[in-house]
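Survey of secondary and tertiary structure
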Amino acid sequence: MARVLTPRAEDFPRWYQDLIAKAKLADNGPVRGTMVIRPAGYAIWERMQAEMDTRIKAAGAENAYFPLFIPESYLKREAQHVEGFSPELAVVTHGGGKQLAEPVVVRPTSETVIGEFMAKWIDSYRDLPLLLNQWANVVRWELRPRIFLRTSEFLWQEGHTAHATREDARAYARQILHEAYEDLMVNVLAIPVVVGLKTTRERFAGATATYTCEGMMGDGKALQLGTSHELGQNFAKAFDISYSSAQGGREHVWTTSWGTSTRMLGGLIMAHGDDNGLRVPPKLAPIQAYVMVVKAGEGVGEAAAKLRDALRDAGVRVALDDRTDTPFGRRAVDAELRGYPVRVEVGPRDLATGNAVVVRRTNGSKSPTPVADVVGAVLAALEADQRALHDEALAHRESRTVEVATLAEAIEAAATGWARVPWSAVGVAGEAEANGQGVTVRCLLRADGSVPDSEDEPDLVAIVARAY
C-alpha cells in the first residue's frame, strides 16, 4: 500500500492529495480553486447532510432557498461584513450580453439577502423566532486552494434566525453549536472537537460573537469544522428587521447565523485516514459492509448474495462486489482506500469449511467466521469501531496538546500540535505576534472547559495552533 499512497509521516499534504485521487473522492475543477466531487465523496457528503439536516430540524429550523446572486448594495449595508468579505467576492458585471445596472455578487454567505426577506416577513412578535436553514453552494475566491479544505466554490448549510431578545438568540446559537454541530462531529464523524469562543480577531465579519468546533488533524494542525454566530442587531438595523412587541413598541430583532460545509469531508480524511487510505466511521459510512466474492464458482456467488441480503435485513448499509473479472487484490486495495468499515470476503476455500472472512478496516483484523454468525460479527464490529475511531482520535489529540505558561512556549508547541495557554498571557498583541508566525488562537475556553460569553472573562484558556 505504501506504493499506492505517500506515507503520512513522509509528506502529510501529499498523502492527503494522493488519498483523494486514489479513493476517487474528488478532482480539481476546470477553473482554479473549484472541485468536482465524485460519487464516492458525494455519498459521504450526502450522509453528512442527512445527519445534519435531522439535527437542524430537531432544533426547529425549516429549510428554504435564497438566490445565488445578491445585489452588491446589500453587502455594503453592513460595513464590517462587506469589509471582511471583499477580498473573496466574485462579482458579476455583465449578463445577457449587457452591462448590469448594478453589479451582483455571487453568494459568499446569505446574511444580507436573507436579512432583506426577514424584514419583509417579520411584523409582529408572533412571527418570532424565525428559524431558517438552506443547503446551497457559495463562492469565496480562494488564493491557496486545497480540495475540501479551501475551494473557491463549496457546498454547505447556512442557518439564519431572528429572535425577540439577545438571550434567545444566544441560546439558539449555542443550541445549534452543541446539539447539531458538536453532536454530529463527535457521535457520527467520531472527531472529538474542542468547542469554544473565537477571539475578536478571528470572529465572523459582522458578528458580535463566534463559537467554533475545532478538530485536531493527523499532523497535529487544527481544522475549524463548524461555526455558530451571534450577529447582535447589526444586520437587523442595517436591513430594518423589526417587529411590534407585545407592549406595542417597535423593536429590532436579534439574529444568528451558523454553518458547516464540505470542509468536514477534509476533516474526516485527515482525522481518521491512514497509510492504507480513508477510514470512515460506521455511523457515517454510505457502505458499512462490503461483501466480496473472492473467486467465482462452487456456490460462492450465491452465498455472498445471501449474506448481503441478511446484512441488509439487519439494517446494515451493504454492497456486493462480485466482479471476479477484476483481480481480488486490486478490489481489496480499492476497498481499503475507500475506507469501508467492514469487508466480508467469501471464497471457495473458506466456504468449504462453512466460513467467511470478516475484515475490519479500523484495525486490519481478519477473522474467519461461521456464515451463520457473520451478521452478528459485523454488527458488533461496526459498534466497536465507531467507538475505536473516536477514542484513537481523542488519544491523538491529548498526546499532542501541551499546557504552557507563555506565548513563546505556545508558538513553539504549535510546531507539533496544540497548546493550552492562559489567554492573559497572549492577549490582543500576542495574538497578532502569533499570527505573524503562522499560528492562531483557535478558540477560548473557561477553565472548566465550557464556552465563555466574552473574551474579557477572567481566567480564560486559549487553544493555540497552526491550522488549515
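Going by the structure above, here's the rest.
Our subject in this report is the structure included herewith. (Residues numbered from 1 in each chain as written. Predicted model: local features only at pLDDT ≥ 70, side-chain atom pairs only at ≥ 80, totals over all residues. Heavy atoms only, no water.)

Attention now goes to the overall build of the protein chain. Counting its secondary structure elements, the protein chain contains 14 helices and 23 strands. Counting only C-alpha atoms and orienting by the principal axes, one finds that the protein chain spans roughly 80 × 55 × 50 Å. In the protein chain, which comprises 468 residues, the share counted as buried stands at 53%. Long-range contacts, defined here as pairs at least 24 residues apart, represent 69% of the contacts in the protein chain between residues at least 6 apart. (Helix = DSSP H or I, 4+ residues; strand = E, 2+ residues; numbered from the N terminus. Buried < 20%, exposed > 50% of the residue type's maximum accessible area, 1.4 Å probe, protein only. Contact = heavy atoms within 4.5 Å.)

Between helix H1 (residues 12-22) and helix H8 (residues 263-272), whose axes approach to 11 Å, the crossing angle comes to 115°. Considering only the axes of H1 and H8, their crossing is right-handed. Mapping the contact onto sequence places Phe12, Trp15, Tyr16, Leu19 and Ile20 in H1 and Gly266, Ile269 and Met270 in H8. (Axes fitted to C-alpha atoms, helices over the stretch in contact; angles between N-to-C directions. Left-handed = near helix turned anticlockwise from the far one by under 90°.)

Another aspect to go through is the environment of valine 188. Secondary-structure assignment places valine 188 in the loop between helix H6 (166-187) and strand S9 (193-197). When the C-alpha atoms of valine 188 and leucine 131 are compared, they prove to be 24 Å apart, with 57 residues separating the residues in sequence.

Geometrically, a pair of aromatic rings is defined through the distance of the ring centres and the angle of the planes. With the rule as written, the count across this model stands at 10 aromatic pairs. Measuring from ring centre to ring centre gives 6.0 Å for phenylalanine 66 and tryptophan 121, while their planes differ by 40°; the resulting arrangement is tilted. Pair noted here: phenylalanine 66 is in the loop between strand S3 (62-63) and strand S4 (69-71) and tryptophan 121 is in helix H5 (residues 111-121), with a separation of 55 residues, a long-range link. According to the relative accessible area criterion, phenylalanine 66 is buried, its value standing at 4%. Through pairs of rings, three or more aromatic residues link up here, namely Phe66, Phe117 and Trp121. Above the face of the tryptophan 15 ring, arginine 8 is positioned so that its terminal group lies 5.6 Å from the ring centre. Arginine 77 extends its terminal NZ or CZ atom over the ring of tyrosine 74, reaching a point 4.7 Å from the ring centre. (Phe/Tyr/Trp six-rings, centres within 6.5 Å; stacked < 30°, edge-to-face > 60°. Lys NZ or Arg CZ within 6 Å of the ring centre and 35° of its normal.)

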